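Remarks on the overall topology
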Amino acid sequence: MFSSTKAGHLAQIGATALLGQVASHELVPPDPTKIENYGHLIIQALVAIVTIWATVRKALQRPEEVVKVPAEALPTANNSVGSERSNGSELE
């Protein structure tokens, strides 16, 4: 990794300094609006992934079991009105 000669050592120092200069001038911090835009893209991608995952999960879900109730057990409109009258609402 390090050169054993004086010339090689100086060449390595010069190359490292040159690469450091190039990196420090070319690598500038991004603009705040770019950071915000990338943040929005990341959030949109996450929302899309969660939405697709939920949709696929729902599509692969087994349907719920339907419980059959006899018709006699279902309340009718006449029974519900009659139950209100028998509860004392008629006396008011």
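Throughout this document, residue positions are counted from 1 along each chain, in the order its sequence is written. Two thresholds apply to this predicted model, a pLDDT of at least 70 for residue-level local features and 80 or more for giving and counting side-chain atom pairs, whereas whole-chain, interface and lining totals are computed over all residues. Side-chain descriptors were evaluated using all non-hydrogen atoms of the structure, hydrogens and water having been removed beforehand.

**Quick word on the overall build of the chain**
Note the threshold: Put simply, DSSP H or I for four residues or longer makes a helix, DSSP E for two residues or longer makes a strand, and each gets a number counted from the N terminus. Throughout this description, buried means an accessible area under 20% of the type-specific maximum (1.4 Å probe, protein chains only), exposed means over 50%, and partly exposed covers the range between.
Scanning the chain for helices and strands turns up 3 helices and 0 strands. Walking the chain from its N terminus toward its C terminus, one meets helices and strands in the order α-α-α. Sorting the 92 residues of the chain into buried and exposed places 0% on the buried side.

**Section: helix H2 (residues 32–60)**
Inclusion rule: What a helix is expected to span follows from its residue count: subtract one and scale by 1.5 Å.
Between its first and last C-alpha, H2 extends 42 Å over 29 residues, near the 42 Å set by a 1.5 Å rise per residue. Of all 29 residues in H2, 0 are buried; the element is thus mostly exposed.

**Concerning the confidence of the model for the chain**
Where we set the bar: Confidence of the predictor at the level of single residues is captured by pLDDT, which takes values from 0 to 100.
Residues with a pLDDT of 70 or more make up 79% of the chain, whose mean pLDDT is 79. Across the chain, H2 holds the top mean pLDDT of 94, while helix H3 (residues 77–86) sits lowest at 54.

**With respect to a nonpolar patch on the surface**
Operational definition: Patch membership is restricted to residues that have no salt bridge and whose relative accessible area is over 30%. Joining uses 9 Å for like charges and 5 Å for the nonpolar side chains Val, Leu, Ile, Met, Phe, Trp and Tyr. Only the protein chains shown count as cover for residues, with accessible areas throughout obtained via the Shrake-Rupley method and a probe of 1.4 Å. Salt bridges are defined by distance alone: a side-chain nitrogen of Lys or Arg within 4 Å of a carboxyl oxygen of Asp or Glu.
Residues Ile-52, Val-56 and Leu-60 make up a contiguous nonpolar surface patch of about 320 Å² in total accessible area. With respect to the helices, strands and loops of the structure, Val-56 is situated in helix H2. You can call Val-56 partly exposed: its relative accessible area is 43%.

**Remarks on the environment of Asp-31**
For clarity, the threshold we go by: For the purposes of these results, a polar contact is taken to be a pair of N or O atoms within 3.5 Å, where, inside protein, one atom must be able to donate a hydrogen and its partner to accept one; residues adjacent in sequence count only when each atom of the pair is a side-chain atom.
Residue position: Asp-31 is located in the loop between helix H1 (6–26) and H2. Classification of Asp-31 by relative accessible area gives partly exposed; the value is 40%. Separated by 2.6 Å, the side chains of Asp-31 and Thr-33 make a polar contact.

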